[in-house]
Amino acid sequence: MSNESLANLLKEERRFAPPAALAAEANVTAEAYERAKADRLGFWAEQARRLTWAVEPSETLDWSNPPFAKWFADGKLNVAYNCVDRHVENGLGDRVALHFEGEPGDSRSLTYAELQSEVCRAANALIELGVQTGDRVAIYMPMIPETVIAMLACARLGAPHSVVFGGFSADALATRVKDADARVVITADGGYRRGKPSALKPAVDEALTRPGTENVRSVLVVRRTGQPLEEAGSTWTEGRDVWWHELVDRQSDQHTPEAFDAEHPLFILYTSGTTGKPKGILHTTGGYLTQASYTHHAVFDLKPESDVYWCTADVGWVTGHSYIVYGPLSNGATEVLYEGTPDTPHQGRWWEIVQKYGVTVLYTAPTAIRACMKWGDDIPAKFDLSSLRVLGSVGEPINPEAWVWYREHIGGNTTPVVDTWWQTETGAIMVSPLPGVTETKPGSAQVPLPGIAATVVDDEANEVPNGSGGYLVLTEPWPSMLRTIWGDDQRYLDTYWSRFEGRYFAGDGAKKDEDGDIWLLGRVDDVMLVSGHNISTTEVESALVSHPKVAEAAVVGAADPQTTQAICAFVILRGGAAEDDGLVEELRAHVAKQLGPIAKPKRILPVAELPKTRSGKIMRRLLRDIAENRALGDVTTLTDSSVMDLIQSKLPSAP
Ligand code: 6R9
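Residues numbered from 1 in each chain as written. Predicted model: local features only at pLDDT ≥ 70, side-chain atom pairs only at ≥ 80, totals over all residues. Heavy atoms only, no water.

All told, the structure shown has 29 aromatic pairs when counted by the stated rule. Ring centres of Phe267 and Tyr326 lie 6.4 Å apart, and the angle between their planes is 5°; this geometry places the pair in the stacked category. Of this pair, Phe267 sits in strand E14 (residues 265–271) while Tyr326 sits in helix H11 (residues 318–330), and the two are 59 residues apart along the sequence. Owing to a relative accessible area of 0%, Tyr326 belongs among the buried residues under this scheme. Between Tyr492 and Tyr496, the aromatic rings sit 6.2 Å apart at their centres with planes inclined by 55°, giving tilted as the arrangement. Here Tyr492 and its partner Tyr496 are both found in helix H16 (residues 489–497), 4 residues apart, which amounts to about one turn of the helix. Here Tyr496 falls in the buried class, since its relative accessible area comes to 3%. Here a set of aromatic residues connected by ring pairs shows up, and it is made of Trp63, Phe68, Trp478, Tyr492, Tyr496, Trp497 and Tyr504. Across the ring face of Tyr471, the terminal group of Arg499 is positioned such that the distance to the ring centre comes to 5.1 Å. (Phe/Tyr/Trp six-rings, centres within 6.5 Å; stacked < 30°, edge-to-face > 60°. Helix = DSSP H or I, 4+ residues; strand = E, 2+ residues; numbered from the N terminus. Buried < 20%, exposed > 50% of the residue type's maximum accessible area, 1.4 Å probe, protein only. Lys NZ or Arg CZ within 6 Å of the ring centre and 35° of its normal.)

As a further point, take the nonpolar core. Core analysis: the largest hydrophobic core is formed by 136 residues, its most contacted members being Leu152, Ile186 and Tyr326. With 9 residues, helix H6 (residues 145–157) is the single largest residue contributor to this core. Ignoring any residue separated from it by four or fewer positions in sequence, one finds Tyr326 in contact with Val79, Cys83, Met151, Leu152, Ala155, His161, Leu266, Phe267, Tyr288, Leu289 and His321. Judged by nonpolar contacts, the second largest core, of 53 residues, contains Val308, Trp351, Ile369 and Ile379. (Core = buried A, V, L, I, M, F, W, Y, C linked by side-chain atoms within 4.5 Å. Contact = heavy atoms within 4.5 Å.)

This part covers the sheet that holds strand E6 (residues 137–140). Strands in a sheet are paired, the pairing made by backbone hydrogen bonds, and the direction either parallel or antiparallel. Taken together, the 8 strands give an open sheet; going across it, the order is E12-E11-E8-E6-E7-E14-E15-E23, and neighbouring strands pair in mixed fashion. A strand with exactly one partner marks an edge of an open sheet, and here the two such strands are strand E12 (241–243) and strand E23 (484–485). Alignment of strand E11 (residues 218–222) against E12, held across 3 bridges, turns out to be parallel. Counterpart to Val219 in the pairing with E12 is Asp241. Of the strands in this sheet, E6, strand E8 (184–188) and E14 touch helix H7 (residues 170–180), which is tilted by about 145° from E14. (Pairing = 2+ DSSP bridges. Axes fitted to C-alpha atoms, helices over the stretch in contact; angles between N-to-C directions.)

The next point concerns the sheet that holds strand E4 (residues 96–101). In spatial order, the strands read E5-E4-E17-E16-E18-E19-E20; together these 7 strands make up an open sheet with mixed pairing. This sheet does not close on itself; its edge strands, each paired only once, are strand E5 (107–111) and strand E20 (417–419). When the angles between neighbouring strand axes are averaged without regard to direction, this sheet yields 20°. Sheet topology note: the strand E16 (residues 308–311)/strand E18 (residues 361–364) ladder contains 3 bridges and is parallel. What sits directly across from Tyr309, in E18, is Val361. Relative to E5, helix H5 (residues 112–128) is tilted by about 90°, and along the sheet it contacts E4 and E5.

Near the ligand lie 17 residues; those nearest to it are Asp419, Thr420, Thr424, Asp508 and Lys617. At 2.7 Å, a side-chain N or O of Asp419 approaches a nitrogen atom of the ligand. Protein chains bury 93% of the 530 Å² of accessible surface belonging to the ligand in isolation. Mapped by element, the contributors of at least two residues to the shell around the ligand are H11 and strand E25 (518–523). Residues of the shell around the ligand, tallied by class, amount to 7 nonpolar, 5 polar and 5 charged. (Near = heavy atom within 4 Å. Polar contact = N/O pair within 3.5 Å; in protein donor to acceptor, adjacent residues only side chain to side chain. Areas by Shrake-Rupley, 256 points an atom, 1.4 Å probe, with all protein chains shown as cover. Nonpolar A, V, L, I, M, F, W, Y, C, P; charged D, E, K, R; others polar.)

Take the UniProt feature "binding site: Mg(2+)" (unreviewed entry) in the protein next. Annotation from UniProt places "binding site: Mg(2+)" (unreviewed entry) at Val545, His547 and Val550. For Val545, the position within the fold is in helix H17 (residues 537–545). On the accessibility criterion, Val545 (1% relative accessible area) is buried. With near-sequence residues (within four places) excluded, Val545 lies in contact with Met373, Asn399, Glu401, Val550, Ala551, Glu552 and Ala553. By the secondary structure assignment, Val550 is in strand E28 (residues 550–560). Owing to a relative accessible area of 0%, Val550 belongs among the buried residues under this scheme. If we skip the residues at most four places from it in the chain, Val550 touches Leu544, Val545, Val571, Ile572, Leu573, Arg574 and Leu587. (UniProt positions renumbered as here; feature names shortened; annotations may be inferred.)

Tallying each qualifying case throughout the model produces 50 salt bridges. For Lys76, the salt bridge goes to Asp261, with nearest N and O atoms at 2.8 Å. With a gap of 185 residues between them, Lys76 in strand E3 (residues 76–77) and Asp261 in strand E13 (residues 260–261) connect regions that are remote in the sequence. Here Lys76 falls in the partly exposed class, since its relative accessible area comes to 31%. Asp261 gets classed as partly exposed once you look at its relative accessible area, which sits at 39%. (Salt bridge = Lys/Arg side-chain N within 4 Å of Asp/Glu carboxyl O.)

This is the structure:
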């Protein structure tokens, strides 16, 4: 985005006021914004008191060496104690913490007291394996209770975990084990995905043959699928590999948690980014937990005694860390943990789970919402979803049509939808409506949360006026901010703090509307330059999705001799829509009408699937390779690489 700021094309006039009953009882009201504005640090010091500290912090923020922040630096606490033990001490031991639902239909509920015993046993097992405070532990697991237990056991010992998506390859795992110099890997024989066991252990075996992974002494293996290891292509390495049920189950269920410094590392989580080796984002203890806990309480209006909360994310994504593990459990929530995919064994599986457990708060990603739109309105209509009272979205800009569909077909036209903007780096939600306060606008994340300072700037770092586009920046440090990139302070400075002096550069394009509300417009790397105008991929995609025949769209700029870049769109049609001759022209005309002729795609290609990461983000980089007839770049973080073959087979062969 070098020539001019991002064009501001999309107009969205629909507005939804918070339900009166919810507003009247809301955890957080409008007054919080005022209080935080008057005294930002005082506000966060107050939120830190949501936690139980072994030593209360006297200092809130040390910003004497920016951008290396220290929050609550002289305080001490234990994260696992805050997420588990203190609830048991407070008499809530019988409350269900996790309702686990396996993909094959097995289920299991764990109370806070049971979770405490399990976390203590797992912590004692890690000690037996020689894990010491500060040692890194890699976790490569399916979505099962042991994954949450393993993360909490690491936190309890002050051993930073590095969770690696179960879908990643041996190579991706090896890179991450090596970068963090992990000493132990916790894994499973496999998990269930799409109706069958999907093995994990063979990838661990392979990863640990790679140079740089020699320091891994032990591999702790949960038996989940029971598939014979040899059958899956795995070998058991005596002296290194140990079964969870053999080691953990015989441990004592008593373990006294040690209090760690607020700035003690809690976890490393790798983000792939578009180029270069993955970045190990480092989060620490006190500030991270403060903001994960507060935002979960505020944004989802969580009432721990009555709500049943469900975040559908994978724990291998930051959303799973902050909003399956640390936020909800620190708040004493009862939550659902589901192992599998939304369409196994049928496309109503999620709604069946909502009905079964009476889920009240649901947090998911636009990609899933668009998939459900594609499958048809009749599917959720078969289930009782009346328990739902707040719906959340995260991961990508949500197209206004998908937002409205979510509210109408899942939320019964009554629930607020909160579109939450944040990143692995921010650790917790930063920009989002509050369900009892904000009049919502479909497609907009709207306002920085109380205590958060975000704005939109132009190329010269000047704040843009309302009605204009530019770059999203964060102008003040926040408690759950990343502390650095593991082992690479310089890359931390270069990536986030060098684009605009003294401000955190998020890498996202954004605009402020006439009311000053923030709309996210996609990654800056994806912004298109067409005849001198910077056009957001998000806006063109949203215009396409607003056509009744389109369920999902991905838009890229492909090099073009006349216009610098030409807009090239890949669309998935809604169930039943036919790919007739006039369709492409009809869609082009529709975009021109919605956004103006400049945004009209030059090419539109109906496809069956789009390339996505495990967190559901569309990988536009790969579509750009296709649109420009290039060999595909790195596909290792793709959920399913056969998708690319499918798309390529639709194309006229390269010139
Ligand atoms: C939590 C998470 C971060 C990037 C971020 C942005 C995109 C996330 C969004 C959103 C628009 C939202 N993103 N939430 N864009 N509206 N509500 O997704 O973390 O995987 O690190 O990705 O995701 O582009 O910069 P992470």
